[in-house]
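Here are the chains, one letter per residue:
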Amino acid sequence: MSSGSVSVRQGGSLTWLVLPALAFFTAFGIIPLIGVLVLSFTSWNGIGEITPTGFGNWVSVLADPGLLHSLGVTFLIMALSWAVQTPLSILLGVFISGPHRYRAVLAVLYFTPLLLSSAAIAITYKALLDPNFGLGASLGIPLLVQNWLGDPVLAVGTVVFIVSWQFIPFHALIYQGAVRQVPASLYEASRIDGAGRVRQFFSITLPQLKYTMITSSTLMVAGSMTFFDLIFVLTGGGPSDATRVLALDMYLRGFRGNAMGPASVIALIIVVVAVLLAMGIQRLGGKDAGASQLEGA
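Counting restarts for each chain, with residues numbered from 1 along the sequence as it is written. In view of the model being predicted, local features appear only for residues whose pLDDT reaches at least 70, and side-chain atom pairs are presented and counted only at 80 or more, with totals across whole chains, interfaces and linings using the full set of residues. With hydrogens and water excluded, all non-hydrogen atoms of the structure serve as input to the side-chain values.

For salt bridges, the criterion is a side-chain nitrogen of Lys or Arg within 4 Å of an Asp or Glu carboxyl oxygen. Tallied over the entire structure, the rule returns four salt bridges. A salt bridge links arginine 253 to aspartate 64; the shortest N-O distance between them is 2.7 Å. Of this pair, arginine 253 sits in helix α13 (residues 246–256) while aspartate 64 sits in the loop between α2 (56–62) and α3 (65–96), placing them 189 residues apart in sequence. Among the ionic pairs, arginine 244 bridges to aspartate 249, the shortest N-O distance being 2.7 Å. Note on conventions: DSSP H or I runs of at least 4 residues are helices, E runs of at least 2 residues are strands, and numbering of each starts at the N terminus.

Right, let's get into α13. Only protein chains enter the accessibility calculation, which uses a 1.4 Å probe; a residue whose area is less than 20% of its type maximum is buried, one above 50% is exposed, and one in between is partly exposed. If you check which residues of α13 are buried, you get Leu246, Ala247, Leu248, Asp249, Leu252, Arg253 and Gly254. In the core, the buried residues of α13 are packed alongside α2, α3, α12 (229–234) and α14 (260–285). Immediately downstream of α13, the backbone of asparagine 258 shows phi near 55°, a positive value. Throughout, a contact is declared for two residues whenever any of their heavy atoms are within 4.5 Å.

Here we take up the layout of surface pockets. Residues are said to line a cavity or pocket when one of their atoms sits within 4 Å of a point; the points come from a 1 Å grid over protein atoms alone, cavities being sets where a 1.4 Å probe fits but cannot get out and pockets being open sets with protein on both sides within 12 Å along at least five of seven lines. Grid points are joined across faces, edges and corners, and a volume is the space filled by probe spheres set on the points. In this model, the largest pocket occupies a volume close to 620 Å³. What lines the largest pocket is a set of 18 residues, among which Val94, Ser97, Gly98, Val179 and Tyr187 lie closest to the centre. Those elements that place two or more of their residues in the lining of the largest pocket are α3, α8 (152–180), α9 (184–192) and α10 (197–208). If you tally residues by element for the lining of the largest pocket, the top one is α10, at five residues. Under the scheme applied here, ten amino acids are nonpolar (Ala, Val, Leu, Ile, Met, Phe, Trp, Tyr, Cys and Pro), four are charged (Asp, Glu, Lys and Arg), and all others, including Gly, are polar. Per-class residue counts for the lining of the largest pocket are 10 nonpolar, five polar and three charged.

Pasting the structure below:
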């Protein structure tokens, strides 16, 4: 059998393998996105008749100062959560990738927050942080008796803390897999040269995790653009819209304000901003074929 016929068969097999995924992506990704795009040029309260409005929704939303505020809050929470999650995820991933005693048990404990519902986490933390009946008041610790969800600055910090607590295990799992695939010969050579663990971490482990960091950061950015359930249950966007992110703004406009047109505009803005940020992160990472072959990501 000629190599040409083998290539044709392999190409045909790959096509059949890709078609189911393409069909699902079209049905649940492309078609709904087109529907949202159409709705952004209409006036609809979710029940009655859909009326075309042209670019009216776009003009009103883009001219609304609330959009810039929600976008700024989204970027703030995104940046702070990335700054907290990335170093802690790397350190935790490196730790659980090593031959430690009871590593399996510790790994299960570390990943428990990832298994919990965001709404359940928000309800639990809301009760624990209550200044009158929460954990601080029960234990008599003045430092914990703060108006965590009533002060704008503390509310943003609380959201970042809870988000990081929930999703650090996920990113640590990514880094764990990457660290385990770093060639052991690199560490052996460094030990012969007299390098300690700290030097190995900064000279070998971190450089080999470059592309894993890009992947993790992309997921963090995309996830930060769609934060909704945890913030909705925890703060409802308050106090004084201090935690009103874009996804929550979209919900409040669409389902509380019965304005599906402006909500669709915000949904499209979320998609566009998330795609641009993801592309920017990928481009920022560059391309290094040699390093990517060594790295486990």
